[in-house]
Amino acid sequence: MTDTPSIEELEAQERRLVLPRFTYEDAWALGSLLVELARDRNAPVAIDIRRGPQQLFHAALPGSTPDNDAWIDRKRRVVERYADSSYLVGARFRAKGTTFEESSRLDPDLYAAHGGSFPLTVEGAGVIGTVTVSGLPQLEDHAMVVEALERFKGGL
């Protein structure tokens, strides 16, 4: 993904990536898939998967730092608050001619509307958790999560 996706494209991703279920085993499978993608690309990322407040998967690959975990927390909180991907939330603010930091009235030390965190949405249940990647430019973090979710969903 090299072109910046439109808000409509980002919203379509979220509609398309609704899962029939999400179990502990699914968290392991999705997390392992993300680790595989990151290793194939030598991506220095940290990966986090949560269902509600429970962390089901975490991995830190070579080159990632504790700062990536802080970014994960900030991006994840945006998804938990808005029930949309962190990249989509930021894009909506930019489309209004402002930024999330300027207009959300949320503490930027706790919230970051930067790409890389995506809602885990289950049919009939809604958003039940998050999957987050941190360590690449925000659009690449977002694209890695979307690619992994697309592959994961295709294998269910």
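Read on for a plain summary of the structure. These figures come from a predicted structure and were not determined experimentally.

Here we look at the packing of helix α1 (residues 7-16) against helix α6 (residues 138-154)
Step number 1: Running from N to C, α1 and α6 cross one another at 30 degrees; their axes reach a closest spacing of 11 Å. Comparing the axis directions of α1 and α6 gives the class roughly parallel. Note that α1 runs across α6; the crossing there is left-handed. Residues Leu10, Gln13 and Arg16 of α1 form the contact with α6, whose participating residues are His142, Val146, Glu150 and Lys153.
Step number 2: Across the contact of α1 with α6, the residue classes tally to two nonpolar, two polar and three charged.

Quick notes on helix α4 (residues 86-95)
Step number 1: By the criterion of burial, α4 is predominantly enclosed, with seven of the ten residues buried.
Step number 2: The complete set of buried residues in α4 reads Ser86, Tyr87, Leu88, Val89, Gly90, Ala91 and Phe93.
Step number 3: Next to the buried residues of α4 lie α1, α3 (66-82), α5 (100-103), β4 (117-122) and α6.

Focus: unusual backbone geometry
Step number 1: A positive phi angle, close to 60 degrees, is found at Ala83, a residue other than glycine.
Step number 2: Note that Ala83 resides in the loop between α3 and α4.
Step number 3: Take Ala83: its relative accessible area is 35%, and that puts it in the partly exposed class.
Step number 4: Non-glycine residue Arg105 carries a positive phi angle of around 70 degrees.
Step number 5: Mapping Arg105 onto the fold places it in the loop between α5 and β4.
Step number 6: Judged by relative accessible area, which is 82%, Arg105 ranks as exposed.

Calculation rules
Residues numbered from 1 in each chain as written. Predicted model: local features only at pLDDT ≥ 70, side-chain atom pairs only at ≥ 80, totals over all residues. Heavy atoms only, no water. Axes fitted to C-alpha atoms, helices over the stretch in contact; angles between N-to-C directions. Helix = DSSP H or I, 4+ residues; strand = E, 2+ residues; numbered from the N terminus. Parallel < 35°, antiparallel > 145°, perpendicular 65-115°, else oblique. Left-handed = near helix turned anticlockwise from the far one by under 90°. Contact = heavy atoms within 4.5 Å. Nonpolar A, V, L, I, M, F, W, Y, C, P; charged D, E, K, R; others polar. Buried < 20%, exposed > 50% of the residue type's maximum accessible area, 1.4 Å probe, protein only.

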